[in-house]
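# Structural overview
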Amino acid sequence: MKYGSMREGRATITPWLEWSVCGLTLAVLLLAVPFPVEARKIFYFTCGLAGIGWVLDRKRPDVGVFFLLTALAAFALCRVAYTVADAQTFFPQIDALQVYLSTASRFLMGLLLIGYFSTRRSSLQGHWAQALRITLLLGLVAIVGHELVLQQGRNERDQRATIFAYEVAAVFLAYLGLQLMRQADEKKHWGSLAGVGLLTLVVILWTETRSALFCFLIGGALLLILSERVRKWKVLGLAALLMAVTLVGCYPYLVKPRLMEAYTDITQYISGENRATSIGTRFELWRGSVMVLKQAPLGGGYEKRAEILRDAVEQHRLDPVAAHYSQVNMHNELLEELSLRGIVGGVLLLWMYFAAVALGWRAKPRNLALLGAVFAYVFSGLTDALFFSREATVLFIALLAALVRLSPRQGEA
């Protein structure tokens, strides 16, 4: 009798937990980009509830999800171990080291959220896909209002413009992938999708972030090509036309100045006239990362990296700008890991990406929403280090959790 009561009690409690965790996760996604501080405040609470729900359910994730969870845990624990060893304490005085520990803790808490979602959501079925689609759409609309109305200047944002633009691209590609998974042959469907895409493009252009623009265009094209339900070339051609019209309209005011600046940066870097430009700084940081990796292939940590770069500057093998900006990050996700945590960190980062991509690729049909979100982070990581940002890390975890078990039945609802 008692056992039956326990089963009944769990059956009553678990759906409420599931709805609570799902609702809070949607809230994180809605707030993550335009209002990152508010999203960060509820992230830990959401993960805690997910942990309680997972304990009550006593279910194990399947092999693909377990592979992803293991990769995420290894990446986070490696970051913790190297940072603590570098600082010799869990409470380092250097801001950068505090950020590494902070983002690692978000990964570890996110394991509870992702793991719980991977075993639940049966009671939500197709309603989850609908709620997720609406949330991502509202999130993009909120971003437009926040960017073009509340914060009209590049330097007025809560976080750096580049990180902001990468996050916008990630949300849109997740939304596009979800829409393609549930695509219906309705004109209003393609009309709304085109409208959202154009709004997203305008925001990215407004941030003047070149890499995010390429991420948006290339990622969108790849998702359209991978989609099994669209008339590929027809839809891709129409999308390309819309994007081209927008780019041409914005070219004199937003696109041309940034392209000319990129040309000037590269020219000055090659000639040696000025290496401290936006692109030139990245080139120097990447060169510095290779120097660090050669001297400390297993990872020397933050202090060792700074020492190697200072020596390179003193020997005139590296511009001083590299030593300055290396106090933040190396502006490349893989090189950031290699320069701090050596081959170990680099392998774990690639393992994490591979596990997420494999999970989305092997789904039947392919989980285009998951692939789109991961692509945005991989591509953006070519010119920046997103996992140095607490907000970008929260968004990444929330997107993985929301999309990790988007089944075909849910996607088509």
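What counts and what doesn't
Residues numbered from 1 in each chain as written. Predicted model: local features only at pLDDT ≥ 70, side-chain atom pairs only at ≥ 80, totals over all residues. Heavy atoms only, no water. Helix = DSSP H or I, 4+ residues; strand = E, 2+ residues; numbered from the N terminus. Buried < 20%, exposed > 50% of the residue type's maximum accessible area, 1.4 Å probe, protein only. Contact = heavy atoms within 4.5 Å. Areas by Shrake-Rupley, 256 points an atom, 1.4 Å probe, with all protein chains shown as cover. Patch = residues over 30% accessible without salt bridge, like charges linked within 9 Å, V, L, I, M, F, W, Y side chains within 5 Å. Salt bridge = Lys/Arg side-chain N within 4 Å of Asp/Glu carboxyl O. Expected span 1.5 Å × (residues − 1). Core = buried A, V, L, I, M, F, W, Y, C linked by side-chain atoms within 4.5 Å. Axes fitted to C-alpha atoms, helices over the stretch in contact; angles between N-to-C directions. Parallel < 35°, antiparallel > 145°, perpendicular 65-115°, else oblique. Left-handed = near helix turned anticlockwise from the far one by under 90°. Nonpolar A, V, L, I, M, F, W, Y, C, P; charged D, E, K, R; others polar. Phe/Tyr/Trp six-rings, centres within 6.5 Å; stacked < 30°, edge-to-face > 60°. Lys NZ or Arg CZ within 6 Å of the ring centre and 35° of its normal. pLDDT = per-residue confidence, 0-100.

With that settled, consider the overall build of the chain. Per the secondary structure count, the chain includes 16 helices and 0 strands. In the chain, which comprises 413 residues, the share counted as buried stands at 54%. Expressed as a percentage of contacts within the chain between residues at least 6 apart in sequence, the contacts between residues at least 24 apart total 78%. A total accessible area of about 18,600 Å² is found for the chain, and carbon and sulfur atoms account for 65% of it.

The next subject is unusual backbone geometry. Omega for the peptide link from lysine 364 to proline 365 comes to -5°, which places this bond in the cis form. Among the secondary structure elements, proline 365 is positioned in the loop between α13 (333–362) and α14 (368–380). Positioned with a positive phi, arginine 58 is a non-glycine residue whose angle comes to about 55°. Relative to the elements of secondary structure, arginine 58 occurs in the loop between α2 (36–57) and α3 (63–87). The backbone of histidine 331 sits at a positive phi, close to 55°, despite the residue not being glycine.

Next up on the list: a nonpolar patch on the surface. Residues Phe214, Ile218, Leu222 and Ile225 make up a contiguous nonpolar surface patch of about 320 Å² in total accessible area. As for its position among the elements, leucine 222 is in helix α8 (residues 210–226).

For the rest of this paragraph, the subject is α8. Think of an α-helix as 3.6 residues a turn; residues three or four steps apart then line up on the same face. Given a rise of 1.5 Å per residue, 17 residues ought to cover 24 Å, and the 24 Å separating the end C-alpha atoms of α8 matches this to within 8%. Within α8, burial applies to Arg210, Ser211, Ala212, Leu213, Cys215, Phe216, Gly219, Gly220, Leu223 and Leu224.

Among the nonpolar cores identified, the biggest contains 99 residues, and Phe107, Leu132, Met352, Tyr377 and Phe387 are the most heavily contacted of them. Counting residues per element, this core draws most heavily on helix α6 (residues 161–181), at 16 residues. Apart from residues no more than four positions distant in its own chain, phenylalanine 387 is found in contact with Phe75, Arg79, Thr103, Phe107, Glu333, Leu349, Met352, Tyr353, Tyr377, Thr393 and Phe396.

The subject of this paragraph is the pattern of salt bridges. Under the definition given, this model contains 7 salt bridges. Of the charged contacts in the structure, one is a salt bridge between glutamate 336 and arginine 305, with a shortest N-O distance of 3.0 Å. In this pair, glutamate 336 sits in helix α13 while arginine 305 sits in helix α11 (residues 301–314), placing the two residues 31 residues apart along the sequence. On the basis of relative accessible area, glutamate 336 is assigned to the buried category, the value being 1%.

Looking at the element boundaries, histidine 331 is found in the loop between α12 (320–325) and α13. Leave out the neighbours within four places in its chain, and histidine 331 touches Arg160, Arg282, Leu285, Trp286, Leu382, Thr383, Asp384 and Ala385.

Moving on, we get to the packing of helix α10 (residues 278–295) against α13. For any two helices packed against each other, one specifies the crossing angle of their axes together with the interaxial distance. Where α10 meets α13, the closest approach of the two axes is 9 Å, and the angle between their N-to-C directions is 15°. Classified by the interaxial angle, the pair formed by α10 and α13 is roughly parallel. Between α10 and α13 lies a crossing whose hand is left-handed. Between α10 and α13, the contacting residues are Trp286, Ser289, Val292 and Leu293 on the first element and Leu335, Leu338, Ser339, Gly342 and Ile343 on the second. Its residues placed into classes, the contact of α10 with α13 shows 6 nonpolar, 3 polar and no charged.

Note that phenylalanine 216 resides in helix α8. Under the relative-accessibility criterion, phenylalanine 216 is labelled buried at 2%. Along the backbone, phenylalanine 216 and phenylalanine 379 are 163 residues apart, and their C-alpha atoms lie at a distance of 9.7 Å. With sequence-adjacent residues up to four places away left out, phenylalanine 216 is seen in contact with Phe172, Leu173, Gly197, Thr200, Leu201, Ile204 and Met243.

This part takes up the packing of aromatic side chains. The geometry of two aromatic rings is summed up by the distance between their centres and the angle between their planes. Inspection of every chain in the model, using the stated rule, returns 17 aromatic pairs. Between phenylalanine 387 and phenylalanine 396 the ring centres are 5.1 Å apart and the planes differ by 65°, which places this aromatic pair in the edge-to-face class. These aromatic residues form a ring-pair network of at least three members: Phe75, Phe107, Tyr353, Tyr377, Phe387 and Phe396. Between the NZ or CZ atom of arginine 341 and the centre of the ring of tyrosine 100, over which it lies, the distance is 5.1 Å. Arginine 366 extends its terminal NZ or CZ atom over the ring of tryptophan 361, reaching a point 3.7 Å from the ring centre.

Moving on, we get to the environment of alanine 27. Its location among the elements puts alanine 27 in helix α1 (residues 2–31). With 19 residues separating them along the chain, alanine 27 and threonine 46 place their C-alpha atoms 9.8 Å apart.

This next bit is on the confidence of the model for the chain. Interpretation of this model should avoid reading the predicted coordinates in detail wherever pLDDT is low. Looking at the chain, pLDDT values average 84 and 84% of them are 70 or higher. Per-element mean pLDDT across the chain ranges from 42 in helix α16 (residues 408–411) up to 96 in α14. Throughout residues 1–10 the model reports pLDDT below 50, and contacts reaching past four residues in sequence, or to other chains, amount to 4 contacts. Every residue in residues 408–413 scores below 50 in pLDDT, and together they form 16 contacts with partners more than four places removed in sequence or on other chains.

Turning our eyes to something else, we now look at the packing of α10 against α11. Relative orientation of the contacting elements α10 and α11 amounts to 115°, with a least axis distance of 10 Å. For α10 against α11, the interelement crossing comes out right-handed. For the pair formed by α10 and α11, the contact residues are Gly288, Met291, Val292 and Gln295 on the first element and Arg305, Ile308, Leu309 and Ala312 on the second. Among the residues making up the contact of α10 with α11, the classes are represented as 5 nonpolar, 2 polar and 1 charged.

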